[in-house]
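Single-letter residue listing:
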Amino acid sequence: MTKTSLIAILCAVALTGCATVDVRVSSKGPSYGDATLIQPDILYQETPQSRSVIVGSQVYATVNSCSLIQRYRIRTNTDFTSALNLFKNRAHMMGGKWVTVVHHSEVDSIESAYITGNQEIILREGTDLGSSRYLTTIVGDIYDCPCNITTCSGR
């Protein structure tokens, strides 16, 4: 019995050493490309799916044992509320239950400049808005939480 076990272990070790793995290493690292996507109008409105996603701080996400799914950025030609609804709908599609807004900037074609919370000035003259009034950018973290809308303490 021990002789057969020893032979089986020896064969397993020997055969493992013979396996080859094709290693593919990217020399550039990950690449990300921006794309213009047309989203349905319903995603810019409050939906049951967007209402189920909680917008709060990273502290509450940590307290509720949430795990980070992804940092996500959207740029759209709508106002903040519509852009946030789109962000929350996209978060729900990705399985997120909690969203933390990390950065927000908005250009309004009526104003000549907009000052964000960190005193960053965005000049309207550098951005072609076309027929849109707003250009809104939201960067946020999407979290998956073990809690639901009624049990999270941040709600």
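Heads up: the structure comes first, above all this text.
What you are looking at is a predicted structure, and each value in this text was computed from that prediction instead of being measured.

Conventions adopted
Residues numbered from 1 in each chain as written. Predicted model: local features only at pLDDT ≥ 70, side-chain atom pairs only at ≥ 80, totals over all residues. Heavy atoms only, no water. Salt bridge = Lys/Arg side-chain N within 4 Å of Asp/Glu carboxyl O. Buried < 20%, exposed > 50% of the residue type's maximum accessible area, 1.4 Å probe, protein only. Helix = DSSP H or I, 4+ residues; strand = E, 2+ residues; numbered from the N terminus. Contact = heavy atoms within 4.5 Å. Pairing = 2+ DSSP bridges. Core = buried A, V, L, I, M, F, W, Y, C linked by side-chain atoms within 4.5 Å. Axes fitted to C-alpha atoms, helices over the stretch in contact; angles between N-to-C directions. Disulfide = S-S within 2.5 Å.

## Focus: the pattern of salt bridges
Logical step 1: Scanning the model with the defined rule gives 3 salt bridges in all.
Logical step 2: Here Arg51 makes a salt bridge to Glu46, at a shortest N to O gap of 3.6 Å.
Logical step 3: A relative accessible area of 39% places Arg51 in the partly exposed class.
Logical step 4: Between Arg71 and Asp141 there is a salt bridge, with the nearest N and O atoms lying 2.7 Å from each other. Separated by 70 residues along the polypeptide, Arg71 in strand 2 (residues 67-76) and Asp141 in strand 6 (residues 134-144) bring together distant segments of the chain.

## What to know about unusual backbone geometry
Logical step 1: Even without being a glycine, Ser65 presents a positive backbone phi close to 60°.
Logical step 2: One can find Ser65 in the loop between helix 3 (58-63) and strand 2.
Logical step 3: Look at Ser65 and you get exposed, because its relative accessible area is 54%.

## Thoughts on the environment of Leu86
Logical step 1: Residue position: Leu86 is located in helix 4 (residues 80-93).
Logical step 2: If we skip the residues at most four places from it in the chain, Leu86 touches Gln39, Leu43, Tyr44 and Ile74.

## Digging into the side chain of Thr78
Logical step 1: Relative to the elements of secondary structure, Thr78 occurs in the loop between strand 2 and helix 4.
Logical step 2: Under the relative-accessibility criterion, Thr78 is labelled buried at 17%.
Logical step 3: Leave out the neighbours within four places in its chain, and Thr78 touches Tyr44, Ala83, Tyr134 and Thr136.

## Topic: the pairing of strand 6
Logical step 1: Most of strand 6 is tucked away: 9 of the 11 residues are buried.
Logical step 2: Of the pairings in the sheet, the one linking strand 2 to strand 6 comprises 9 bridges and is antiparallel in character. Within strand 6, the residue paired with Leu68 across the bridge is Tyr143.

## Details of the nonpolar core
Logical step 1: By size, the foremost hydrophobic cluster in this structure holds 13 residues, and its most contacted members are Ile74, Phe87 and Ile138.
Logical step 2: Residue assignment for this core shows that the elements contributing at least two residues are strand 2, helix 4 and strand 6.
Logical step 3: With residues near it in sequence (within four places) discarded, Ile138 still touches Tyr72, Arg73, Ile74, Phe80, Ala83, Leu84, Phe87, Val101, His103 and His104.
Logical step 4: In terms of nonpolar packing, the next biggest core, distinct from the first, is built from 6 residues, Ile54, Ala61, Trp98 and Tyr143 among them.

## Thoughts on the sheet that holds strand 6
Logical step 1: An order of 1-3-6-2 is seen for the 4 strands of this open sheet, with the pairing classed as mixed. The open sheet has two free edges, formed respectively by strand 1 (54-55) and strand 2, since each of these has just one partner strand.
Logical step 2: Relative to the sheet, helix 4 contacts strand 1, strand 2, strand 3 (98-108) and strand 6, its axis offset from that of strand 6 by approximately 30°.

## Some thoughts on the state of the cysteines
Logical step 1: With the rule as written, the count across this model stands at 1 disulfide.
Logical step 2: Residue Cys66 pairs covalently with Cys145 via a disulfide, S to S 1.9 Å. Across the S-S bond of Cys66 and Cys145 the torsion is about 105°, and the bridge reads as right-handed. Separated by 79 residues along the polypeptide, Cys66 in the loop between helix 3 and strand 2 and Cys145 in the segment after strand 6 bring together distant segments of the chain.

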